[in-house]
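Residues per chain, in single letters:
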Amino acid sequence: MKHDASLPLPNSLPRPEGEFERLKEVWRTPTGWRFFKSVNNTSIGLLYIGTALLFFILAGILALVMRVQLAVPDNTLVSPGTYNQIFTMHGTVMMFLFAIPIVEAIAVYLLPNMLGARDLPFPRLSAYAFYAYAFGGLAFFCTIFFGLSPDGGWFMYPPYTSEQYSPGLNADFWLLGIGFIEISAIAGAIELIVGILFTRAPGMTLRRMPVYAWAMLVVAIMIVFAFPAVIAGTALLELERAFDWPYFLVERGGDPILWQHLFWFFGHPEVYIIFLPAAGMVSTMIPTIAGTKLVGRRAIIVALVGVGFFSFGLWAHHMFTSGLGVLEMSFISAASMAVAIPTGIQVFAWIATLWNGRVKMSSPALFLLGFMFIFVLGGLTGVMVAVIPFDWQVHDTYFIVAHLHYVLIGGMVFPVFAALYYWLPLVKGQALSEKVGRWVFWMMFGGFNLAFFPMHITGLQGMPRRVYTYDAQLGWDFLNMLSTVGSFIFAFGVLVFIVDAVRTLRRPEKEVGNPWNAPTLEWLPSESYGNRSIPRITSDDPLWEQPGLSEQVERGQHYLPGTATGMRETIATSPVSATPRYLMVLPTDSWLPLIAALGTAGFFLLLTVKAMLLAWICGIVAVLGTVFWLWESDRTPPVDEVRVADDLVLPVNATGPASQSWWGTMITLIVDACIFTAFCYAYVHASMRLMVCPPPGAALPELPWLLGAGGLLLASSGLMLLAGRSLGKRRLPWLVLLALACSTASFLLDLRGHQFAGLDPTASAWAAGIGGVLAYQGLHVAILTIAGVYLALRHWRGHLGPRSQATLSNVSLIWHYTTLQGIAGIVLVNVLPLLMEA
Amino acid sequence: MHDRFIRQLMRGTLPFLVWGAHFTFCYLLAAVQCTPAAMRDGGPDRLLLGIATALALIVCAWLLWRERGMLRGAQEASLLDWAAGLSALLALIGILWTGMPLLMVQGCA
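None of these values were measured; they are calculated from a predicted model.

1. Observations regarding the overall build of chain B
Okay, so step 1: Looking only at helices and strands, chain B has five helices and zero strands in total.
Okay, so step 2: Helices and strands in chain B line up, N terminus first, as α-α-α-α-α.
Okay, so step 3: Taking 13 Å as the expected radius of gyration for a compact globule of 109 residues, we find that chain B reaches 17 Å, considerably beyond that expectation.
Okay, so step 4: Across its three principal directions, the C-alpha atoms of chain B cover 55 × 30 × 15 Å.
Okay, so step 5: Going through the 109 residues of chain B one by one, you find that 38% of them count as buried.
Okay, so step 6: Residue pairs in contact within chain B that sit at least 24 positions apart in sequence constitute 70% of those at least 6 positions apart.

Next up, the structure:
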């Protein structure tokens, strides 16, 4: 397909009568209390952003309490125990309930419009992810009112957090609460990857794709690889606390450093997971503010990808004082410095763009300049702490507190505020006050520097982080008072912003237009259906380089100017050249994601307080909610083909690797494989600490058990392959159920073999490592049980056919993955001791 | 797959993957050879690590050489050419820099 501005527009005028009305009707957002069943990205995105900002305020209030406590020496306002809970909750809520969610929330709200799509490819998944996060997060936050909040610091190092030193429920709330909220972050990432790669407007090639979309693509892929480590880590620590499996207990061969590896393998990429979306937003706003094209656009994109890669080689720079080998630390130190190069490319490109254009000093511009100043300072102290001997001196001091706040507030909060000023007019056409905006900026910028710059000095003077008070004779009081005054000025700036935002959002709605004269598609006229017609893109900056695009899109002269099937839909395009491939039918509003999210949140939180019956009722509600939600999907479309332009007819939906659900499942399985790898790593880590493996008194199963288990797994996959070729035949469900029997038997055989060998996961970390690998395989067999029965039911109810076979192909993928995982687990557990012996 | 997505993805990110493979190999070998189970006298095998580093550098230098045309006509080059060229340069610097400790550091502690 050619994409040339001189080509005639995709659709001719006049448009058929009633076409636009039908489009509006299909995408109508419910009003009143039914609004909460809405799954449209605009509704969910706004709720998501609002909730994330609420957590920003709540965690900010906790920060102010800490600052009041530290304002004067020997203060007794807060007890040491409460202070521990407050700093743990401040860090946890800021990182897990504000920083990650808000970058995903802004993407959910902005990206479909920026890409020219009507919605994201899995709207109900977005809704589920949001509600799971909102319910779980709010319940988690409420623990602070009952003295039940975690108190081991936001990175929850064992042995502080082991059962022995944290016997209450506090740590469990963190492990179960945050663990499942991470699952919702992963759900968001899957949505974004598939949305960015497959639902861009025709002609929006990867080269033309907005830099923000590139940043979010990189970030979403990073989430897929980074988050599994912390999910596995929290699972292991909870297994230790609940069942006495000693992964981190030194006296039984465990190692607290294992937690640090798993946590920071997530925790350091996470810093970039937070920063890169902000960098993407900056790259989107700066050309508009400077009124010129982005300098070094291609270099910025490559730099984003480079940062994504390098950020995975930095995790252990948080562990320089934990006793790692000197060569390992040196590698990490070097990589920590190397990441400054791609980051620097972006900073220089932004400066060059500002230099090239004429900057209008609006509120977003001020926040962007503030971002650059603060972030560069944070980056410089980052290079300082990458130098190992310097890090040894300042580790766990207020210097680190200063550094991390310069990076996170500078690198993320300031760009997010710039973004709020820049994109808020999209909501109701009303902009925030410029005059108030200047006050807000100077209070936040001044207050921030007054609060955090002195912390560099208090840190160098030796003030450790996380102390609840300090002695007057240490000489830290003046600097601490400055920090407290600064933090209140900063907070007052945020308060003024909130008042202005509420005032602005209460004003009557007006036409949005393009108030900043921006070049990106989100400034096309849009409603809940996105744009009236999906634009054909022929340039990098469409609203600058394609004159009349707004009017053409609004008149319905581009692609899909109505609803072709009478359902919600968008155009699926190819990932590189954005050539139209098929019409993607999207699900409509439903209560089911909300019900499933309530069930999930209830399950994890009630499990924490050991209300087992209620927890399992919630768990069943979550599973049933999800099953009913999926049951409505993957149906034969009413028509096979539709016309989306005068000269373009597309098939409706796709199957196999061409479909969005296949990619969604594949990415989920990559996440799954990463979690499994982390479980395997726990086993390897415990093994490498042994002089003799298996340790004295332990043994591995005999060969026949292993061969039997492996053989049954292969048989189950073979049966599923056969089932895949039996579409429409009566034997299909029986083959699936037979495959299920083989998988279950394989797991039971493996388990029995270990039982006969005397496996006791409480005896040693090595045995617990095997227990973890086995338990994860058991979880998959349980998932296959639900999936297999579900697939059989769909066949018997007539919901499997040539045009509705996504369920079959996705269940097959999960099945084959489980086989591979099972065999990999058996091989690893049994071969590693042989290798060590050799 | 439509429009050779995987192939293009590989071309654009191969140098970073080489950096990742080199980094993972070096870190893991250094870590394993300092554990009780596989402790090596004298610390991690710097010769083996040096060979791995030299190999990774050669691969990235070759990938950069292959893309030299892009450097001459950078303004007109496509995003993919840029990705292949610049990522090779960044990976080369990354490997060189990450490999530097091999010249200066030895032993486990």
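2. Describing the interface of chain A and chain B
Okay, so step 1: Contact residues are listed per partner, giving 36 residues for chain A and 39 residues for chain B.
Okay, so step 2: Secondary-structure elements contributing two or more residues to the side of chain A that touches chain B are helix H8 (297-310), helix H9 (326-338), helix H10 (340-356) and helix H21 (660-688) of chain A.
Okay, so step 3: Among the residues making up the side of chain A that touches chain B, the classes are represented as 24 nonpolar, seven polar and five charged.

3. Looking at the domain arrangement of chain A
Much of the literature gives interface size as the accessible area that the parts lose upon coming together.
Residue and element names in this part refer to chain A.
Okay, so step 1: According to the domain assignment, chain A contains domain 1 (35-505) and domain 2 (682-837).
Okay, so step 2: For domain 1 versus domain 2, the distance between C-alpha centres works out to 37 Å.
Okay, so step 3: If you look at the interface, domain 1 gives eleven residues, while domain 2 gives 14 residues.

4. Looking at the packing of helix H1 (residues 5-32) of chain B against helix H2 (residues 46-66) of chain B
Each pair of packed helices gets described by two things: the angle between the helix axes and the distance between those axes.
Residues and elements named next belong to chain B.
Okay, so step 1: The contact between H1 and H2 brings their axes to 10 Å, and the two run at 175 degrees. Looking at the two axes, H1 sits roughly antiparallel to H2. Across the interface between the two elements, Leu14, Pro15, Val18, His22, Phe25, Cys26 and Leu29 from H1 touch Leu48, Leu49, Ala52, Thr53, Ala56, Val59, Cys60 and Leu63 from H2.
Okay, so step 2: The residue makeup of the contact of H1 with H2, split by class, is 13 nonpolar, two polar and no charged.

5. Quick notes on unusual backbone geometry
Trans is the common state for peptide bonds, and a negative phi is the common state for residues other than glycine.
Residue and element names in this part refer to chain A.
Okay, so step 1: Of note, the amide linkage connecting Leu13 to Pro14 takes the cis form, showing an omega dihedral of -5 degrees.
Okay, so step 2: Even without a glycine there, the phi angle at Arg466 is positive, about 70 degrees.
Okay, so step 3: Mapped onto the elements of the fold, Arg466 is located in the loop between helix H15 (434-460) and helix H16 (477-505).
Okay, so step 4: Arg466 gets classed as partly exposed once you count the C-beta atoms within 10 Å, which come to 14.
Okay, so step 5: Of note, Asn653 is a non-glycine position whose phi angle comes to about 60 degrees, a positive value.
Okay, so step 6: Mapped onto the secondary structure, Asn653 falls in the loop between strand E4 (648-651) and H21.

6. Section: the nonpolar core
Residues and elements named next belong to chain A.
Okay, so step 1: Met216 and Leu304 are the most contacted members of the largest nonpolar core, which totals 301 residues.
Okay, so step 2: Here this core gathers at least three residues from each of two domains, domain 1 (35-505) and domain 2 (682-837).
Okay, so step 3: Leave out the neighbours within four places in its chain, and Leu304 touches Trp214, Ala215, Val218, Leu276 and Ala279.

7. What to know about the packing of H2 of chain B against helix H4 (residues 79-99) of chain B
Residue and element names in this part refer to chain B.
Okay, so step 1: As a packed pair, H2 and H4 sit with axes 8 Å apart at the nearest point and diverge in direction by 160 degrees. Comparing their axes, H4 and H2 come out roughly antiparallel. Crossing geometry of H2 relative to H4 is assigned as left-handed. In contact with Thr53, Ala56, Leu57, Cys60, Ala61, Leu63 and Leu64 of H2, H4 contributes Gly85, Ala88, Leu89, Ala91, Leu92, Ile95, Leu96 and Gly99.
Okay, so step 2: Within the contact of H2 with H4, the residues separate by chemical class into twelve nonpolar, three polar and no charged.

8. Side note on the environment of Ala201 of chain A
Residues and elements named next belong to chain A.
Okay, so step 1: One can find Ala201 in the loop between helix H5 (170-198) and helix H6 (211-243).
Okay, so step 2: Residues Ala201 and Val829, spaced 628 residues apart in sequence, show a C-alpha to C-alpha distance of 48 Å.
Okay, so step 3: With residues near it in sequence (within four places) discarded, Ala201 still touches Leu115, Gly116, Ile534, Pro535, Ile537 and Ala578.

Here is what the cut-offs are and how they apply
- Residues numbered from 1 in each chain as written.
- Chains lettered and ligands numbered in written order.
- Predicted model: local features only at pLDDT ≥ 70, side-chain atom pairs only at ≥ 80, totals over all residues.
- Helix = DSSP H or I, 4+ residues; strand = E, 2+ residues; numbered from the N terminus.
- Rg over C-alpha atoms; globule rule 2.2 N^0.38 Å.
- Buried ≥ 20, exposed ≤ 12 C-beta atoms within 10 Å, placed from the backbone.
- Contact = placed C-beta atoms within 7 Å.
- Nonpolar A, V, L, I, M, F, W, Y, C, P; charged D, E, K, R; others polar.
- Domains from an automatic or database assignment.
- Axes fitted to C-alpha atoms, helices over the stretch in contact; angles between N-to-C directions.
- Parallel < 35°, antiparallel > 145°, perpendicular 65-115°, else oblique.
- Core = buried A, V, L, I, M, F, W, Y, C linked by C-beta atoms within 7 Å.
- Left-handed = near helix turned anticlockwise from the far one by under 90°.

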